[in-house]
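# Residue-level structure breakdown
Here is what each chain is made of, one letter per residue.
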Number of protein chains: 2
Amino acid sequence: MKLYSFPGAPNPRRVLIFAAEKNIALDIINVDLMGGEIKKPDFLAKNPSGKIPVLELEDATCIAESVAISRYLEAFHPEPNLFGETALETAMIEMHHRHIEMELHTAIGAAWVNGPVVASMGIIRPIEAMRERGDRNARSYYERLDRELASREYIAGDRFTVADISATCMIDFAGAMVNLEPDAGLTHLKAWRDRIGQRASVIANPISG
Amino acid sequence: MKLYSFPGAPNPRRVLIFAAEKNIALDIINVDLMGGEIKKPDFLAKNPSGKIPVLELEDATCIAESVAISRYLEAFHPEPNLFGETALETAMIEMHHRHIEMELHTAIGAAWVNGPVVASMGIIRPIEAMRERGDRNARSYYERLDRELASREYIAGDRFTVADISATCMIDFAGAMVNLEPDAGLTHLKAWRDRIGQRASVIANPISG
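As the structure is a computational prediction, the values presented were derived from the model and not from experiment.

Residue and element names in this part refer to chain A. Reading across from one edge, E2-E1-E3-E4 is the order of the four strands in this open sheet, with mixed pairing throughout. Both edges of this open sheet fall to strand E2 (27–30) and strand E4 (62–64), since each of them pairs with a single strand only. Averaged over all neighbouring strand pairs, the angle between strand axes comes to 25°, with direction disregarded. Relative to E2, strand E1 (residues 2–5) is paired through four bridges, and the arrangement is parallel. Among the inter-strand pairings, serine 5 is bridged to a residue of E2, identified as asparagine 30. Helix-sheet contacts for helix H3 (residues 66–76) involve E1, strand E3 (54–56) and E4, and the interaxial angle to E4 is about 125°.

Here you go:
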């Protein structure tokens, strides 16, 4: 299986860490992100959204979206389980994972897309008020996470799941690229990130690529 | 099981249609949305995101997020299958569903949150440029959907799935509340919506509540 990826990019990194947790070997193909390869017809035929990661199967079927790819990998490599064992656990992981994606991810995304790095690429006309709102919402979500992580070890409960992978990749990206590192005073959030940072899957796939 | 809901609200409607497809009876509790009930401590204890829907189980465990609730229901009522049978089908449904959520849903949400109705509630300071971008991105996504639906009957392939439920609820909401009805010239999109509109689950749960 081929994975279209880019070193350090947050969404491919989610799949790389997920696969590493399960010891799945993927054939990594790094796209020419700066050259705009993912917005060109050949790549859009693989994923009409023009985004990475994309998993290409032996028969050329392409699966886009990090979570869709991760679910596919989990079906063939069920251990260690990262999406939930029982119906209730699966639902609770999905809930926490979606809160991270729909609230934290979108806030960081708004701050990034309307920030100076993307503006310098000339892709999009930045909206400063949107960047500020994204920044504020991300910081507010960090505080919520810090409160929640006071009473549990991981994002979705008492064990490591796909929700921890997504949260780690987004928060690391926010710190490295969006000037949105969590405040040092959020000690529960920091302790969680330190815990995640000890995993071999995360050490092997750093944000810097 | 109790479902905290509100008549016509798009995300609770996703669960109502999903449950109707499976003939699952839920005890519906309509919250006082206009009175801000979902932002008050009693409700925030059920869902810290302060959003509906929330499913409350017999033991008072609460599951938030329409898709998490739907997955929970699917586990106990597997027929008709709406999330996928095989690993590949499950991944493809997830991919299409996520494209709808991450691209169309966020665009409609940006247009709504920064539009005149929400502004009149005084909840948020609207950003007009963000509303315009949301509007433009939603219309562009409608065109993409129209192209895709030229060669398949449903959002994720050749059968009705959870992705059709989400897309229907969002597009209906966009038309009714955000002045973002798809152009009549998008005939494949219109034919798809007409097809969905014939389902008993959708007829029984209209956007108007």
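Another point: helix H1 (residues 10–21) of chain B. One full turn of an α-helix is made of 3.6 residues, so residues set three or four places apart face in the same direction. Residues and elements named next belong to chain B. A rise of 1.5 Å per residue sets the reference length of H1, with its twelve residues, at 16 Å; its end C-alpha atoms lie 17 Å apart and thus fit the reference within 8%. Counting buried residues in H1 gives ten out of twelve residues, a clear majority hidden from the surface. Asparagine 23, located one to two residues past H1, shows a positive phi value of around 55°.

With 41 residues of chain B at the contact, the number on the chain A side is 41 residues. With both chains or domains summed, chain B and chain A bury close to 3,300 Å², and 60% of this area falls on carbon and sulfur atoms. For chain B, the biggest contributors to the area lost against chain A are Glu65, Arg98 and Arg133 of chain B; these three give 19% of the whole. Taking the shortest distance from any N to any O, the salt bridge between arginine 98 of chain A and glutamate 101 of chain B comes out at 2.8 Å. Applying the counting rule to chain B against chain A returns 20 residue pairs in polar contact (both at pLDDT 80 or more). Secondary-structure elements contributing two or more residues to the side of chain B that touches chain A are strand E4 (62–64), helix H3 (66–76), helix H4 (87–113) and helix H6 (128–148) of chain B. Ranked by residue count, the leading element in the side of chain B that touches chain A is H4 of chain B, at 14 residues. Classifying every residue of the side of chain B that touches chain A gives 22 nonpolar, seven polar and twelve charged.

Before going further, it helps to spend a moment on unusual backbone geometry. Look at the link from isoleucine 52 of chain A to proline 53 of chain A: it is a cis peptide, with omega at 5°. Take proline 53 of chain A: it is sitting in the loop between helix H2 (41–44) and E3. Following glutamate 79 of chain A, the chain continues into proline 80 of chain A via a peptide bond in cis, with omega recorded as -10°. Mapped onto the secondary structure, proline 80 of chain A falls in the loop between H3 and helix H4 (87–113). Despite not being glycine, glutamate 65 of chain B has its phi angle at roughly 80°, a positive value. Structurally, glutamate 65 of chain B is set in the loop between E4 and H3. One non-glycine residue, asparagine 179 of chain B, adopts positive backbone phi at about 55°. Look at asparagine 179 of chain B and you get exposed, because its relative accessible area is 66%.

What follows covers the nonpolar core. Ranked by size, the top nonpolar core spans 63 residues in total, and within it Leu55, Ile63, Leu104, Ile108, Tyr142 and Trp192 of chain B carry the most contacts. With nine residues, helix H7 (residues 162–177) of chain B is the largest single contributor of residues to this core. Non-local contacts of isoleucine 63 of chain B, meaning those with residues more than four positions away in its chain, are made with Leu88, Ala91, Met92 and Met95 of chain A together with Pro53, Val54, Leu55, Leu57, Ala68, Ile69 and Tyr72 of chain B. Judged by nonpolar contacts, the second largest core, of 61 residues, contains Cys62, Val67, Leu73 and Phe83 of chain A.

Moving on: the packing of H4 of chain A against helix H7 (residues 162–177) of chain A. Residues and elements named next belong to chain A. Closest axis-to-axis distance for the H4/H7 pair is 9 Å, and the angle between their directions is 15°. Relative to H7, H4 is oriented roughly parallel. In this structure, H4 meets H7 at a crossing whose hand is left-handed. Seen from H4, the contacting residues are Ile93, His97, Ile100, Glu101, Leu104, His105, Ile108 and Trp112; seen from H7, they are Val162, Ala163, Ser166, Ala167, Met170, Ile171, Phe173, Ala174 and Met177. Partitioning the contact of H4 with H7 into residue classes produces 13 nonpolar, three polar and one charged.

Its rotation angle being 180°, the transformation that places chain B on chain A also includes 0.0 Å of axial translation and leaves an RMSD of 0.0 Å. Read as a symmetry element, the transformation amounts to a two-fold axis. Closest approach to the rotation axis among the C-alpha atoms of chain B is made by methionine 130 of chain B, whose C-alpha sits 3.5 Å away. Looking at the interface residues of chain B, 100% of them are also at the interface in chain A, so both copies use one shared face.

Turning to H3 of chain A, a few remarks are in order. Where burial is concerned, most of H3 of chain A is hidden: nine out of the eleven residues are buried. Of the residues making up H3 of chain A, those classed as buried are Ser66, Val67, Ala68, Ile69, Ser70, Arg71, Tyr72, Leu73 and Glu74 of chain A.

In this section: the side chain of glutamate 101 of chain A. Relative to the helices and strands, glutamate 101 of chain A is located in helix H4. By relative accessible area, glutamate 101 of chain A is classed as buried at 3%.

Turning to the confidence of the model for chain A, a few remarks are in order. Regions with low pLDDT should not have their predicted coordinates read in detail. Considering every residue of chain A, the mean pLDDT works out to 96; 100% of them sit at 70 or more. Scoring of the predicted complex yields 0.97 for pTM and 0.96 for ipTM.

So, about the packing of aromatic side chains. Residues and elements named next belong to chain A. Using the criterion set out here, one finds ten aromatic pairs over all chains in the structure. Here the aromatic rings of tryptophan 112 and phenylalanine 173 are separated by 5.0 Å at their centres, their planes lie at 75°, and the arrangement is edge-to-face. Residue tryptophan 112 is found in helix H4, and its partner phenylalanine 173 is found in helix H7; the two are separated by 61 residues along the sequence. Side by side, tryptophan 112 and phenylalanine 173 carry an identical accessibility label, which is buried.

What counts as what
Residues numbered from 1 in each chain as written. Chains lettered and ligands numbered in written order. Predicted model: local features only at pLDDT ≥ 70, side-chain atom pairs only at ≥ 80, totals over all residues. Heavy atoms only, no water. Pairing = 2+ DSSP bridges. Helix = DSSP H or I, 4+ residues; strand = E, 2+ residues; numbered from the N terminus. Axes fitted to C-alpha atoms, helices over the stretch in contact; angles between N-to-C directions. Contact = heavy atoms within 4.5 Å. Expected span 1.5 Å × (residues − 1). Buried < 20%, exposed > 50% of the residue type's maximum accessible area, 1.4 Å probe, protein only. Buried area = accessible area lost by both parts, 1.4 Å probe. Salt bridge = Lys/Arg side-chain N within 4 Å of Asp/Glu carboxyl O. Polar contact = N/O pair within 3.5 Å; in protein donor to acceptor, adjacent residues only side chain to side chain. Nonpolar A, V, L, I, M, F, W, Y, C, P; charged D, E, K, R; others polar. Core = buried A, V, L, I, M, F, W, Y, C linked by side-chain atoms within 4.5 Å. Parallel < 35°, antiparallel > 145°, perpendicular 65-115°, else oblique. Left-handed = near helix turned anticlockwise from the far one by under 90°. Least-squares fit on C-alpha atoms with pLDDT ≥ 70 in both. pLDDT = per-residue confidence, 0-100. Phe/Tyr/Trp six-rings, centres within 6.5 Å; stacked < 30°, edge-to-face > 60°.

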